[in-house]
Amino acid sequence: MSRLRMPEADRTVLERREAIVAALRAIVPGEGVIAGEREMRPYESDGLTAYRQLPMVVVLPDTTEQVSRVLRYCHENRIRVVPRGAGTSLSGGALPLADGVLLGMGKFNRIREIDLANRVVVAEPGVTNLAITRAVEDAGFYYAPDPSSQIACTIGGNVAENSGGVHCLKYGLTTNNVLGCELVLMTGEVVRLGGKHLDSGGYDLLGVVTGSEGLLGVVTEVTVRILRKPETARAVLVGFPSSEDAGACVARIIGAGIIPAGMEMMDRPAIQAAEDFVHAGYPLDVEALLIVELDGPRAEVDHLIERVSEIARACGATTLKASTSEEERLLFWAGRKAAFPAVGRISPDYYCMDGTIPRARLPQVLARMREMQQTYGLRVANVFHAGDGNLHPLILYDANNPGELERAEAFGAEILKLCVEVGGVLTGEHGVGVEKRDLMPAMFDEADLAHQQRLKCAFDAEGLLNPGKVFPTLHRCAELGRMHVRGGRIAFPDIPRF
């Protein structure tokens with residue numbers, strides 16, 4: 001259809017889009033704006049590839065000033081914005097909007113400062129998780145949170161999702177390892193939260209931003225804590241005749257006062273897939289496998305290896321193998337970290353879930369999940385952070401078979417409801433995004449959700465930043481009673497002062 005014959009409404013939309021693209025190109029010149037349909041395809045989804053949507057336009061700034069100007073322009077013209085890092089999110093948190101600007105932060109890929117004296121690294125949000133460790137490992141330091149996607153996921157995305165990893169049991173999630181950030185609000189205002197110091201006074205806004213899934217602002221700089229590499233680290237592979245036995249062992253280890261650096265669990269399908277892919281030396285005649293890592297002074301590690309081995313044998317372990325070299329320890333973990341791509345070799349598609357439960361309920365939840373497999377006619381490969389109860393069931397399906405994706409989604413929703421039922425939560429580290437948005441009422445009542453949205457309104461009163469994520473029902477900020485963020489502080493003008 002020629003532009004002259006185009007209906008008036010369509011012509012208006014096209015003209016508005018052309019004006020937006022031209023304005024963004026004035027702010028981010030050169031190749032910083034992508035507007036062609038084919039060129040925007042790589043941005044149509046994140047790691048949750050079942051959901052796809054082309055954005056209206058993609059903008060790739062490389063300075064904080066450009067981010068500020070882009071957001072200010074979008075705020076003044078009521079244009080919605082979706083921030084995006086590396087796109088490894090598994091909850092649809094970076095899913096674009098057809099009438100929105102996708103703000104890609106991939107060009108923010110520089111480490112700005114390495115301060116060994118204060119044991120911090122200041123990095124731009126597009127720096128990959130693993131790159132931080134690589135930058136300081138020669139000096140004997142490392143960055144503790146280590147998601148399985150650490151070779152690709154960025155520190156900005158880690159902040160957005162409060163990512164964890166195999167070592168989060170002992171060393172904490174992203175929120176426990178971020179000391180400060182620079183944040184651009186939807187209005188274009190640039191604020192700084194925290195810094196190199198251990199803690200800040202006043203409201204814990206840094207804690208609010210970490211895990212906020214891009215709803216509150218766009219992070220343009222992150223200050224993270226780095227740790228000294230432990231003197232010794234050893235991992236133990238422990239095989240069990242059932243997942244229930246392995247789950248009981250997890251609870252016994254923690255109950256004995258032992259806090260491993262990491263404690264991961266895999267069931268038979270995941271073990272087989274990982275071993276075929278990596279050849280890590282996993283036993284193939286067991287139903288469940290624990291990888292337990294202990295670190296610290298050599299004498300302490302050797303002692304804890306013995307204690308863990310005793311507990312494992314008492315729980316019915318049939319195989320037990322401790323690493324004897326650093327290479328062998330890394331090989332043990334290589335299989336676990338490659339489990340997701342390995343499972344992709346045994347199923348055309350899989351749906352990766354993320355829920356967290358109390359450790360003591362692990363045997364019960366695993367048994368219920370086995371029953372659900374029969375109900376939905378779909379297999380599950382279990383890979384998860386057993387030490388902190390963060391489950392990652394991989395529901396295997398074939399999207400080419402009519403109805404299988406829908407069954408997989410229904411299966412996943414029932415798993416997440418089960419997590420809440422036994423005292424857990426909907427997500428441990430993948431976030432809510434669009435995937436779990438409609439399940440939020442299973443965990444929160446209307447008052448809870450309304451108060452969470454009041455906080456969103458304090459940062460983004462017009463609801464322009466990453467809308468449609470997290471909240472199943474959106475309310476106008478005026479209906480909720482506004483809070484405001486100014487200069488990095490929250491004010492509550494609607495609350496009477498006494």
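Note: the structure precedes this text.
Cut-offs and rules
Residues numbered from 1 in each chain as written. Predicted model: local features only at pLDDT ≥ 70, side-chain atom pairs only at ≥ 80, totals over all residues. Heavy atoms only, no water. Disulfide = S-S within 2.5 Å. Buried < 20%, exposed > 50% of the residue type's maximum accessible area, 1.4 Å probe, protein only. Salt bridge = Lys/Arg side-chain N within 4 Å of Asp/Glu carboxyl O. Helix = DSSP H or I, 4+ residues; strand = E, 2+ residues; numbered from the N terminus. Core = buried A, V, L, I, M, F, W, Y, C linked by side-chain atoms within 4.5 Å. Contact = heavy atoms within 4.5 Å. Phe/Tyr/Trp six-rings, centres within 6.5 Å; stacked < 30°, edge-to-face > 60°.

A. A look at the state of the cysteines. Evaluation of the coordinates by the stated rule reveals 1 disulfide. A disulfide-free cysteine, Cys-352 has its sulfur positioned 12 Å from the sulfur of Cys-419, the nearest such atom. Among the residues examined, Cys-352 registers a relative accessible area of 7% and is labelled buried.

B. Geometry of the pattern of salt bridges. Tallying each qualifying case throughout the model produces 27 salt bridges. Among the ionic pairs, Lys-196 bridges to Glu-113, the shortest N-O distance being 2.6 Å. Taken as a pair, Lys-196 in the loop between strand E9 (190-194) and helix H7 (205-209) and Glu-113 in strand E5 (residues 111-115) lie far apart in primary sequence, 83 residues in all. Two residues, Arg-437 and Asp-438, come together in a salt bridge whose shortest N-O distance is 3.4 Å. Linked through salt bridges whose partners overlap, the residues forming this network are Arg-110, Arg-112, Glu-124, Glu-182, Arg-192 and Glu-221.

C. Structural view of the nonpolar core. Within the largest apolar cluster, 82 residues are counted, with the highest numbers of intra-cluster contacts made by Phe-240, Met-265, Leu-290 and Ile-395. In terms of residue count, the dominant contributor to this core is helix H14 (residues 404-421) (7 residues). In this view, Phe-240 contacts Asp-245, Ala-246, Cys-249, Val-286, Glu-287, Ala-288, Leu-290, Ala-312, Cys-315, Gly-316, Ala-317 and Thr-318; residues no more than four positions away in its chain are not counted.

D. Main features of the packing of aromatic side chains. Per the stated rule, a full pass over the model turns up 3 aromatic pairs. Note on Tyr-142 and Tyr-171: the rings are 6.4 Å apart at their centroids and 90° apart in plane angle, and the pair reads as edge-to-face. Taken together, the residues span a long stretch of sequence, with Tyr-142 in strand E7 (residues 141-142) and Tyr-171 in helix H6 (residues 168-171) at a distance of 29 residues.

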